Amino acid sequence: MQNPFGNNNDNDQNPFNLNNLPLPPNYAKIVNDQGDLRIAKVGFSWTTLWFGPLPALFRGDYYNFILMIVLDLDYVLVAMFFGLNWLLEFPWPSIAFGFFYNMMYFKHLFNKGYHPADQRSRELLTRARYWKE
């Protein structure tokens, strides 16, 4: 198999070796003791801003998906109860979750036993205050 990462090793026996995976500077790799690897963005979640709770569903993050659905429904019910329909014209909950969702996702995985996979990810997560040594 041809190696697209340019380290002159075209006969790699382990096709799932992700050590040379090129990541954007704001993405971190985390891994658990069983070797399950997750790669996610650190910082503002643009996908949550545009698509609401769907990114959490696609990541298999059902806890945060249900939390976002419930809080979105609460927002709508309170706005309708008090007759503040103008609040429904702008997606305030999506903006709030855009700022916090990636942090919530990482913290939830850390509680499940995940930890940074490499030094670059550890430094990025520590600088963003997602991970504490």
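As the structure is a computational prediction, the values presented were derived from the model and not from experiment. (Residues numbered from 1 in each chain as written. Predicted model: local features only at pLDDT ≥ 70, side-chain atom pairs only at ≥ 80, totals over all residues. Heavy atoms only, no water.)

**Structural notes on the UniProt feature "transmembrane region" (unreviewed entry) in the protein**
Short version of the rule: UniProt positions are given in the numbering used here, feature names are shortened, and annotations may be inferred rather than shown by experiment. In DSSP terms, a helix is any run of H or I states spanning at least four residues, a strand is any run of E spanning at least two, and both are numbered starting from the N terminus.
Sequence positions flagged by UniProt for "transmembrane region" (unreviewed entry) are, in local numbering, residues 62-84 and 90-110. Along residues 62-84 the backbone is 87% helical and 0% strand, and the end-to-end C-alpha distance reaches 30 Å. Between the end C-alpha atoms of residues 90-110 there is a gap of 33 Å, over a span that is 90% helix and 0% strand.

**Brief notes about the packing of helix α3 (residues 62-81) against helix α4 (residues 92-111)**
This is how it is decided: Throughout, an axis means a line fitted to C-alpha atoms (over the contacting stretch in the case of helices), and angles, computed between N-to-C directions, take values from 0 to 180 degrees. By the definition adopted for this analysis, an angle is roughly parallel if under 35 degrees, roughly antiparallel if over 145, roughly perpendicular if from 65 to 115, and oblique otherwise. Should the near helix be turned anticlockwise from the far one by less than a right angle, the crossing is termed left-handed; should it be turned clockwise, right-handed. In this description, contact between two residues means that some pair of their heavy atoms is separated by no more than 4.5 Å. Classification convention: Asp, Glu, Lys, Arg as charged; Ala, Val, Leu, Ile, Met, Phe, Trp, Tyr, Cys, Pro as nonpolar; all other residues, Gly among them, as polar.
Where α3 meets α4, the closest approach of the two axes is 11 Å, and the angle between their N-to-C directions is 160°. Put simply, α3 runs roughly antiparallel to α4. The crossing of α3 and α4 is right-handed. On α4, the residues touching Tyr63, Asn64, Leu67, Met68, Leu71, Asp72 and Tyr75 of α3 are Trp92, Pro93, Phe97, Tyr101, Met104, Tyr105 and His108. Taken together, the residues of the contact of α3 with α4 sort by class into 11 nonpolar, two polar and one charged.

**Some points on the packing of aromatic side chains**
Put simply, the rule is: Aromatic rings from Phe, Tyr and Trp, with only the six-membered ring used for Trp, were paired whenever their centres fell within 6.5 Å, and each pair was classed as stacked if the ring planes differed by under 30 degrees, edge-to-face if by over 60, and tilted otherwise. Placement of a charge over a ring requires the Lys NZ or Arg CZ to be within 6 Å of the ring centre, with the centre-to-atom vector within 35 degrees of the ring normal.
Counted by the stated rule, this structure contains nine aromatic pairs. A ring pair is formed by Phe44 and Trp46, whose centres lie 4.7 Å apart and whose planes are at 70°; its orientation type is edge-to-face. Members of the aromatic cluster, connected to one another through ring pairs, are Tyr101, Tyr105, Phe106, Phe110, Tyr130 and Trp131. Above the face of the Tyr105 ring, Arg59 is positioned so that its terminal group lies 4.4 Å from the ring centre.

**Some thoughts on the sheet that holds strand β3 (residues 115-116)**
Under the convention used in this document: For two strands to be treated as a pair, DSSP must find at least two bridges joining them.
The three strands are arranged β2-β1-β3 in an open sheet whose pairing can be described as antiparallel. Only two strands of the sheet have a single partner each, and these edge strands are β2 (37-41) and β3. Here strand β1 (residues 27-31) pairs with β2 via five bridges, running antiparallel. The residue bridging Ile30 from the neighbouring strand is Arg38, located in β2. Along the sheet, α4 makes contact with β1, β2 and β3, crossing β2 at roughly 160°. In this fold helix α5 (residues 119-127) packs onto β1 and β3, with an angle of close to 115° to the strand it touches most, β1.

**A short note on unusual backbone geometry**
Trans peptide bonds make up the majority, and among non-glycine residues the majority have a negative phi. Convention followed: Using a 1.4 Å probe on the protein chains alone, a residue whose accessible area is under 20% of its type maximum counts as buried, one over 50% counts as exposed, and one in between counts as partly exposed.
The backbone of Arg129 shows a phi angle near 65°, a positive value even though the residue is not glycine. You can see Arg129 is positioned in the segment after α5. The class for Arg129 is exposed, based on a relative accessible area of 68%.

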